[in-house]
Amino acid sequence: MPALRLLLGPALLCLLYDSLCRAACVEVDSDTEAVAGHGFKLGCISCKMRGEVSASATVDWFFKAKGESDFVQIYSYEDETATIMDERFDDRLYWNGSKKTTDLQDGSIFILNVTFNDTGVYRCFFERILTYNDYEFHTNATKFIHINVVAKATRGMASILSEVMMYVSIIGLQLWLVVEMVYCYRKIAAAGEEALRESAAEYLAIASESKDNCAGVQVAE
């Protein structure tokens, strides 16, 4: 059995490590409300399903302003090089995705000094190449983000509910800890009382035995 554990240990660790690595990428939706005059992150995540396969990816961003009918390319990121392709966003777009790699999974960008003219629909396009031993496989993913620019930040119902649930969870956890502490204290106290009773009984038994021994010695004399 010890030898089996030694053999299974590394295998289980590898499986656990692989699962953790795959779980490291989570596709989270982008925020959709930007505040004029502030910065805003356009989130776009496309996780690679086969974590063990080498890959490279490029990311292109397109924008359709409110009232317009066509998308226009505004940004491109390839081989760790960013290119702004629309003068409306000159010096206002910065890469905020995967760093120091061509195997991109986070294609987010950051807009500086948001204006009301930035209201509209943004399209994020991932082009990925998976490299196997004998061939390459091309795949892509597209995400749409509807951005509304406001003068002042407002809190949505989802944000309020999330905060309420967070506080409820914290209070619930604290109550559970209090209950556990009281239970443990009572258990320890009961165990202590039982130990004292056993010690007292043992002491009385020893004292009684000593008294009997003394009586026996006197009779023998």
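A brief structural summary. Just so you know, these numbers come straight off a predicted model, no measurement behind them.

### What about the pattern of salt bridges?
- For the structure on display, the rule yields five salt bridges.
- With its nearest N and O atoms 2.5 Å apart, the salt bridge here joins Asp103 to Lys48. Of this pair, Asp103 sits in the loop between β6 (93–95) and β7 (109–111) while Lys48 sits in the loop between β2 (40–42) and β3 (54–65), and the two are 55 residues apart along the sequence. Lys48 matches Asp103 in its accessibility class, with the two residues each being buried.
- Where Glu68 meets Arg88, a salt bridge forms, and the shortest distance between an N and an O atom there is 4.0 Å. With Glu68 in the loop between β3 and β4 (72–78) and Arg88 in the loop between β5 (81–84) and β6, this residue pair connects regions lying 20 residues apart in the sequence.
- You can call Arg88 partly exposed: its relative accessible area is 36%.
- Counted as one network, the salt bridges with shared partners bring together Glu68, Asp86 and Arg88.

### Overview of the nonpolar core
- Ranked by size, the top nonpolar core spans 25 residues in total, and within it Leu42, Trp61, Ile74, Tyr75, Tyr122 and Ile147 carry the most contacts.
- Broken down by secondary-structure element, the contributors of at least two residues to this core are β2, β3, β4, β6, β7, β8 (120–131) and β9 (136–150).
- At five residues, the largest contribution of residues to this core is made by β3.

### Brief notes about the state of the cysteines
- Evaluation of the coordinates by the stated rule reveals one disulfide.
- Here Cys44 is linked by a disulfide to Cys124, with a sulfur-sulfur distance of 2.0 Å. Linking Cys44 and Cys124, the disulfide has an S-S dihedral of approximately -85° and is accordingly described as left-handed. One end of the pair, Cys44, is in the loop between β2 and β3; the other, Cys124, is in strand β8, with 80 residues separating them in the sequence.
- We classify Cys44 as buried; its relative accessible area is 1%.

### Some details on unusual backbone geometry
- In this structure, Glu80 is a non-glycine residue whose phi angle is positive, near 60°.
- Inspection of the secondary structure puts Glu80 in the loop between β4 and β5.
- Look at Lys100: it is not a glycine, yet its phi comes out positive at around 55°.
- Within the secondary structure layout, Lys100 lies in the loop between β6 and β7.
- Given a relative accessible area of 80%, Lys100 falls into the exposed group.

### Digging into the sheet that holds β9
- Reading across the sheet, the six strands line up as β1-β9-β8-β3-β4-β5 and stay open at both edges, with mixed pairing between neighbours. Looking at the sheet topology across the chains shown, the edges are occupied by β1 (33–35) and β5. Neighbour-to-neighbour, the strand axes of this sheet turn through a mean angle of 25°, independent of strand direction.

### A word on the environment of Lys143
- Tracing the backbone shows Lys143 in strand β9.
- For Lys143 and Asp29, which are 114 residues apart along the polypeptide, the C-alpha to C-alpha distance reads 9.3 Å.
- Residue contacts for Lys143: discarding those within four places in its chain leaves Glu27, Cys44, Ile45, Ser46, Tyr122, Arg123 and Cys124.

Definitions and limits used
- Residues numbered from 1 in each chain as written.
- Predicted model: local features only at pLDDT ≥ 70, side-chain atom pairs only at ≥ 80, totals over all residues.
- Heavy atoms only, no water.
- Salt bridge = Lys/Arg side-chain N within 4 Å of Asp/Glu carboxyl O.
- Helix = DSSP H or I, 4+ residues; strand = E, 2+ residues; numbered from the N terminus.
- Buried < 20%, exposed > 50% of the residue type's maximum accessible area, 1.4 Å probe, protein only.
- Core = buried A, V, L, I, M, F, W, Y, C linked by side-chain atoms within 4.5 Å.
- Disulfide = S-S within 2.5 Å.
- Pairing = 2+ DSSP bridges.
- Axes fitted to C-alpha atoms, helices over the stretch in contact; angles between N-to-C directions.
- Contact = heavy atoms within 4.5 Å.

Limitation: the analysis is restricted to geometry and does not speak to function.
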